[in-house]
Amino acid sequence: MKTSTRRNRDGSRVTYLQLAHSEWDPAAKSSRTKVLYSLGRADELDRAAIERLIASLTRLLGVEPATGPGPERARVVGVPGLAFTDSRPLGGAWLLERLWQQLGIDTLLARLAAGTRRDPIVERVLFTLVANRALAPSSKLAATGWLADRVHIPGIEATSDDACYRAMDWLLAVEPQLARGVFDQVAHLLNLEVDLIFFDTTSTYFETEDPDEPVWRNPNGRRLPDRPAADSVDGNSRGNSDGNSDGNSDGNSDGNSDGNSDGNSDGNSDGAVPEGAADRVGFRTYGKSKDSRDDLPQVIVGMAVTRDGIPVRVWCWPGNTSDSPLIRQVKDELRDWTLGKVIWVADRGFTSAENRRHLAAGGHGYILGEKLRSGSPEAKAALSRQGRYQQVRDNLRVKEVKVSETERFIICHNPAAADRDAAIRQRLIDRLQALIDGSDALPPTKRAELRGVISTKPGLHRYLRTTPSGLLRLDAAKVAAEARLDGKYLLRTADPHLSAEDIALGYKQLLEVERGWRDMKQLLDLRPVYHRLEDRIRAHVLLCWLALLLARIVETRADTTWTRARDQLQRLHVGTFTGPAGTFRQTTAPTPEARRLHEALGLALPPKILHLDTKPGS
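Keep in mind that what you see is a predicted model, and the values were worked out from it rather than measured.

Quick look at the pairing of strand β10 (residues 298–306)
Turning to step 1, where the next piece is worked out: Buried residues dominate β10, accounting for nine of its nine residues.
Turning to step 2, where the next piece is worked out: A two-sided burial pattern is seen for β10, the buried positions comprising Gln298, Ile300, Gly302, Ala304 and Thr306 on one face and Val299, Val301, Met303 and Val305 on the other.
Turning to step 3, where the next piece is worked out: Here strand β7 (residues 196–205) pairs with β10 via nine bridges, running antiparallel. Across the sheet, residue Asp200 finds its bridge partner in β10, namely Met303.

Okay, structure coming up:
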């Protein structure tokens, strides 16, 4: 109810009453009041008429007016009155869906599905899986129960696990077009200055007994198509059973009926190497685990991130893939994107000479970490050069050294990290000294056993020295060499225009990728992966990427963390009421923080009445 007051010439005041409704104007980014009905002057109000109007409205909703004041103003009648039948969280899914639409992902997916036999509901299914990953990570089967019972998503009431698997298969098929379209929309929405692209990889392991059987793969780690089984008994190769793009082979929830249930058959029983093959390896296989689980099969996941922490694309490779060549594939696949000049920033695993040549081609540049302990000529030369450090931040000093005519080398020093490295090393030395004290009196076989035990502990074995006579000693030279590296790391670049400060700070932003991996693994539950088919695993990673993308946009534009935003948003519920006049859904009042999040993102809050159906019994 809105009141307005007018002052008369004689100084008296007249108050008017109006029934008004506030509407959000997205263009003006402000709330505007719309007058629905003017009730006239307050001192001339027909209060009996207002009472009759209230009574009519309450009867429409299945309640009857009461004579008492205060909370007993209206009394709910029994059957067949209004019943409160359901309440579900709405806020998180509502904001994510509006952001999904703001990025144009819904229209992009609809356009990609147009002209195919794909059910239009596939976009809603994919959004449900992305929202589930961001709000309540679970398996795809559990996500169907989550949708049916614990969340309200407009446009979809329920789905099946088979529909989820079919949607995932299609998502993988349209990945290149989707990634490009999403990047264009994000760059426009956030006004991204994509001058730095950060790239890094991680691994995710699978708690399974055996790795996948090897199949032939191209240089990018993609499985090569099965060769036609001309020599098969019935002349019908099940390897080509994907002709039905509607996903008819998803009858089993784990997708076993795709003709190659475990991805083992490579269609080359004669042992011939197919054209374009680079390696023969299973997707889930053993490799160097970044989660310290070398005992389990794994896959490698790569991610490209902007300086603002926005993940622009993800990739997957077999678990034994080394880091070094991957960044060349990433650059090639982003070549046609509207990136302009890009400085690629990557860690020490990507600093090979071939990578540097590839990244610098086309006028682009790079900032790469260099392994100080590698013993390379560049590292030795850089450490031997004298010079004065320049203070960049409280915990960062930089020094540029002349090593090469074609590249620049920057030594970075973190005093806090140096103190930490020294303390860790001292603890290791104390443990090692305690183990070898008195070992001179041991028989040679016992000393050899002790040396074998220490060799299984890399941190300790690094500082162990064995004399020609077999005695165990602390390697003082190694300790001194390590002390010279405390808190230091070496960077290299071919860009002649970047300052040493910009190079160092640009490399430090690589932590955004590390933060992305941490959030993908801890907040979005990248693992456990409830799939064993290669394509389903790749699609699962894509869903995690889309969820991380939406979460990062919320964090970037609303200056908060996704954890805090999610907690506030999930307090906004929608209640379902059913009565003789029909069914309606009403939302609870948003918290001040939820309101601020929507305003920061330029999104409208859900209306008070979310849905109204006047059909009795609906």
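A few points about the packing of helix α3 (residues 105–113) against helix α7 (residues 175–190)
Helix-helix packing: each pair is described by the crossing angle between the helix axes and the interaxial distance.
Turning to step 1, where the next piece is worked out: For the pair α3 and α7, the least separation of the axes is 10 Å and the interaxial angle reads 150 degrees. Judged on the interaxial angle alone, α7 and α3 are roughly antiparallel. The way α3 lies across α7 gives a crossing that is right-handed. When α3 is examined against α7, the residues Ile105, Leu108, Leu109 and Leu112 are found in contact with a partner set consisting of Gln177, Leu178, Gly181 and Val182.
Turning to step 2, where the next piece is worked out: A breakdown of the residues in the contact of α3 with α7 according to their chemical character gives six nonpolar, two polar and no charged.

Focus on helix α6 (residues 161–173)
Turning to step 1, where the next piece is worked out: With 13 residues, α6 ought to run about 18 Å at 1.5 Å a step, and its terminal C-alpha atoms sit 19 Å apart, in line with that.
Turning to step 2, where the next piece is worked out: Those residues of α6 not exposed but buried are Asp161, Ala163, Cys164, Tyr165, Ala167, Met168, Trp170, Leu171 and Leu172.
Turning to step 3, where the next piece is worked out: The inward-facing, buried residues of α6 abut α3, α4 (122–135), α5 (140–149), α7 and α17 (534–558).

Re unusual backbone geometry
Turning to step 1, where the next piece is worked out: Each neighbour pair has its own omega, and for Arg527 with Pro528 the value is 5 degrees, a cis peptide bond.
Turning to step 2, where the next piece is worked out: Examined against the element boundaries, Pro528 turns out to sit in the loop between α16 (511–522) and α17.
Turning to step 3, where the next piece is worked out: Despite not being glycine, Asp525 has its phi angle at roughly 55 degrees, a positive value.
Turning to step 4, where the next piece is worked out: The topology assignment puts Asp525 in the loop between α16 and α17.
Turning to step 5, where the next piece is worked out: Not every positive phi belongs to a glycine, and Asp559 is a case in point at roughly 50 degrees.

Here we look at the confidence of the model for the protein chain
Turning to step 1, where the next piece is worked out: Averaged over all residues, the pLDDT of the protein chain equals 84, while 87% of them reach at least 70.
Turning to step 2, where the next piece is worked out: Under a pLDDT of 50 for its full length, residues 70–79 has, in the predicted model, 13 contacts with residues more than four places off or in other chains.
Turning to step 3, where the next piece is worked out: Overall, residues 229–267 carries pLDDT values under 50, and its contacts beyond four positions in sequence, including any with other chains, amount to 68 contacts.

Some words on the pattern of salt bridges
Turning to step 1, where the next piece is worked out: Inspection of the entire model under this criterion finds 37 salt bridges.
Turning to step 2, where the next piece is worked out: With a shortest N-O distance of 3.0 Å, Asp440 and Arg473 are connected by a salt bridge. Residue Asp440 is found in the loop between α11 (415–436) and α12 (444–455), and its partner Arg473 is found in strand β18 (residues 472–474); the two are separated by 33 residues along the sequence.
Turning to step 3, where the next piece is worked out: Owing to a relative accessible area of 28%, Arg473 belongs among the partly exposed residues under this scheme.
Turning to step 4, where the next piece is worked out: One salt bridge connects Glu555 with Arg515, and the closest N-O pair in it is separated by 3.4 Å. Placement of Glu555 in helix α17 and of Arg515 in helix α16 is noted, with a sequence separation of 40 residues between them.
Turning to step 5, where the next piece is worked out: For Glu555, a relative accessible area of 10% corresponds to the buried category.
Turning to step 6, where the next piece is worked out: Relative accessible area serves as the criterion here: at 25%, Arg515 is assigned to the partly exposed category.

Quick notes on the packing of aromatic side chains
Turning to step 1, where the next piece is worked out: A full pass over the atoms with the stated rule returns seven aromatic pairs.
Turning to step 2, where the next piece is worked out: On the numbers, 5.0 Å between centres and 10 degrees between planes, the contact of Phe577 with Phe584 is stacked.
Turning to step 3, where the next piece is worked out: On the basis of relative accessibility, which here comes to 10%, the residue Phe584 falls in the buried class.
Turning to step 4, where the next piece is worked out: Through successive ring pairs, a cluster of aromatic residues spans Phe84, Phe577 and Phe584.
Turning to step 5, where the next piece is worked out: Here the basic side chain of Arg284 rests over the ring of Phe206, its NZ or CZ set 5.4 Å away from the ring centre.
Turning to step 6, where the next piece is worked out: Over the aromatic face of Tyr389 sits the side chain of Lys399, whose NZ or CZ is 4.7 Å from the ring centroid.

What counts and how
Residues numbered from 1 in each chain as written. Predicted model: local features only at pLDDT ≥ 70, side-chain atom pairs only at ≥ 80, totals over all residues. Heavy atoms only, no water. Buried < 20%, exposed > 50% of the residue type's maximum accessible area, 1.4 Å probe, protein only. Helix = DSSP H or I, 4+ residues; strand = E, 2+ residues; numbered from the N terminus. Pairing = 2+ DSSP bridges. Axes fitted to C-alpha atoms, helices over the stretch in contact; angles between N-to-C directions. Parallel < 35°, antiparallel > 145°, perpendicular 65-115°, else oblique. Left-handed = near helix turned anticlockwise from the far one by under 90°. Contact = heavy atoms within 4.5 Å. Nonpolar A, V, L, I, M, F, W, Y, C, P; charged D, E, K, R; others polar. Expected span 1.5 Å × (residues − 1). pLDDT = per-residue confidence, 0-100. Salt bridge = Lys/Arg side-chain N within 4 Å of Asp/Glu carboxyl O. Phe/Tyr/Trp six-rings, centres within 6.5 Å; stacked < 30°, edge-to-face > 60°. Lys NZ or Arg CZ within 6 Å of the ring centre and 35° of its normal.

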